[in-house]
Amino acid sequence: MKQEIDIKTADGTAKAALFRPDNGASAERGIILYMDAMGPRAALDGMAQRLADAGYIVLLPDLFYRFGAYGPFDGNSFGNPASRETIMTMLRGTTQGMTRADSAAFLDTLAAAGAKGPVGVVGYCMGGGRALTAAAAYPDRIAAAASFHGGNLASDAEDSPHRLAADIKARVYVGVAGVDNNFPPEQSARLAEALRSGGVDHIVENYVGMAHGWTVPDHGVHDPAGAERHWKRLLNLFDEAFAECNSRKSA
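Rules behind the numbers
Residues numbered from 1 in each chain as written. Predicted model: local features only at pLDDT ≥ 70, side-chain atom pairs only at ≥ 80, totals over all residues. Heavy atoms only, no water. Helix = DSSP H or I, 4+ residues; strand = E, 2+ residues; numbered from the N terminus. Buried < 20%, exposed > 50% of the residue type's maximum accessible area, 1.4 Å probe, protein only. Contact = heavy atoms within 4.5 Å. Areas by Shrake-Rupley, 256 points an atom, 1.4 Å probe, with all protein chains shown as cover. Phe/Tyr/Trp six-rings, centres within 6.5 Å; stacked < 30°, edge-to-face > 60°. Lys NZ or Arg CZ within 6 Å of the ring centre and 35° of its normal. Axes fitted to C-alpha atoms, helices over the stretch in contact; angles between N-to-C directions. Parallel < 35°, antiparallel > 145°, perpendicular 65-115°, else oblique. Left-handed = near helix turned anticlockwise from the far one by under 90°. Nonpolar A, V, L, I, M, F, W, Y, C, P; charged D, E, K, R; others polar. Pairing = 2+ DSSP bridges. Expected span 1.5 Å × (residues − 1). Arc of directions from axis to C-beta. Polar contact = N/O pair within 3.5 Å; in protein donor to acceptor, adjacent residues only side chain to side chain.

Enquirer: Could you give an account of the overall build of the protein, naming the residues involved and the relevant values?
Expert: Across its full length, the protein carries six helices and eight strands. The order of α-helices and β-strands along the protein, N terminus first, is β-β-β-α-β-α-α-β-α-β-β-α-β-α. Taking the principal axes of the C-alpha coordinates as reference, the protein spans close to 55 × 40 × 35 Å. The 251 residues of the protein split such that 51% are buried. A sequence separation of at least 24 residues applies to 74% of the contacts in the protein between residues at least 6 apart. Of the accessible surface of the protein, which amounts to about 10800 Å², a share of 51% is contributed by carbon and sulfur atoms.

Structure follows, in structure tokens:
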């Protein structure tokens with residue numbers, strides 16, 4: 001069940017959607033789904049609803065809200081030069097720091113919607129780095145963080161997520177496309193070392209044969225089998241992380 005909402009942030013008002021289980025089941029744990037660079041759309045709504053139907057309250061915010069109305073784009077819009085330029089302008093103009101600050105409002109929104117305790121976060125493409133950055137910025141509010149085909153997770157940039165590894169308390173899962181120019185093997189190794197050195201409970205898994213964007217249904221490189229594997233890993237991450245939270249709470 002989808003509910004469109006507005007979220008007040010320090011920089012304005014972000015459009016967002018809340019998803020709850022379609023079967024009317026109660027949900028007490030929250031998830032933030034950080035979008036890919038094409039923005040909120042039907043494909044991501046479907047992914048958010050699938051998460052919700054697994055027993056969660058899911059928030060899908062528009063990270064590009066500072067630019068007003070845009071698109072609509074889909075998973076193949078990057079192949080169009082004009083669309084690509086618009087997307088890249090918004091991507092460059094929405095820094096990790098901006099999303100990190102926005103995430104405080106996102107977390108508060110989930111709490112107001114009924115989510116109890118620490119939440120989970122997952123990001124795709126540009127959202128992968130946002131998920132890891134949020135986990136570092138709000139370590140006591142985020143229990144699990146996942147990135148799928150995230151780009152530049154361990155780059156030379158000052159705001160590269162790998163630099164924040166020591167601040168992460170969440171369980172971390174990183175699903176890497178087999179061939180991805182946005183996250184080459186040297187970055188994968190750098191991220192894994194940063195997470196290990198930072199004492200983070202983590203898995204970095206290479207999806208051989210998968211291309212950047214393989215999890216998202218409206219992407220030209222979508223791979224159904226690879227996408228199902230991603231769902232299995234993601235739901236298992238959240239199940240285990242929240243079970244651990246419950247265990248600590250009852251101890």
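After that view, the rundown keeps rolling.
Enquirer: I'd like to hear about the packing of aromatic side chains, residue by residue, with values.
Expert: Inspection of the entire model under this criterion finds 10 aromatic pairs. On the basis of an interplanar angle of 50 degrees and a centroid distance of 5.7 Å, the ring pair of Y56 and F242 is categorised as tilted. Taken together, the positions of Y56 in strand β4 (residues 56–61) and F242 in helix α6 (residues 224–250) put the pair 186 residues apart, joining distant regions of the chain. Measuring from ring centre to ring centre gives 6.2 Å for Y70 and F73, while their planes differ by 25 degrees; the resulting arrangement is stacked. Note on F73: relative accessible area 12%, which makes it buried. Here a set of aromatic residues connected by ring pairs shows up, and it is made of Y124, F148, Y173, Y207 and W214. Taking the ring centre of Y207 as reference, the NZ or CZ of R229 above it sits at 4.0 Å.

Enquirer: Requested: an account of the packing of helix α3 (residues 96–112) against helix α4 (residues 126–137), with residues and values cited.
Expert: Running from N to C, α3 and α4 cross one another at 55 degrees; their axes reach a closest spacing of 9 Å. By the angle between their axes, α3 is oblique relative to α4. You can see that α3 and α4 cross each other, and the crossing is right-handed. In contact with Q96, T99, R100 and S103 of α3, α4 contributes G129, R130, T133, A134 and A137. Per-class residue counts for the contact of α3 with α4 are two nonpolar, five polar and two charged.

Enquirer: How would you summarise the sheet that holds strand β5 (residues 119–124) if you had to cite specific residues and measurements?
Expert: The strands making up a sheet associate through hydrogen bonds between their backbones, and the pairing can be parallel or antiparallel. Spatially, the eight strands line up as an open sheet ordered β1-β2-β4-β3-β5-β6-β7-β8, and their pairing is mixed. Strands at the two margins of the open sheet, each flanked by one partner only, are β1 (2–9) and β8 (202–211). Neighbour-to-neighbour, the strand axes of the sheet open up by a mean angle of 20 degrees, direction not taken into account. Packed on one face of the sheet, α4 meets β3 (29–34), β5, β6 (142–148) and β7 (171–179) and runs near 150 degrees to β5. Helix α5 (residues 185–197) rests against β7 and β8 of the sheet, and its axis sits at about 165 degrees to β8.

Enquirer: How would you summarise helix α2 (residues 81–92) if you had to cite specific residues and measurements?
Expert: For α2, which comprises 12 residues, the first-to-last C-alpha distance of 16 Å matches the rise-based estimate of 16 Å (1.5 Å per residue) to within 8%. Three or more residues of α2 are buried, namely S83, I87 and M90. Along α2, the residues classed as buried sweep out an arc of 65 degrees about the axis, all on the same side. In α2, those exposed residues whose orientation departs by more than 90 degrees from the buried face are P81, A82 and R92. Two to three positions downstream of the cap, the backbone nitrogen of A82 sits 3.0 Å from a side-chain oxygen, assigning the N-cap of α2 to N80.

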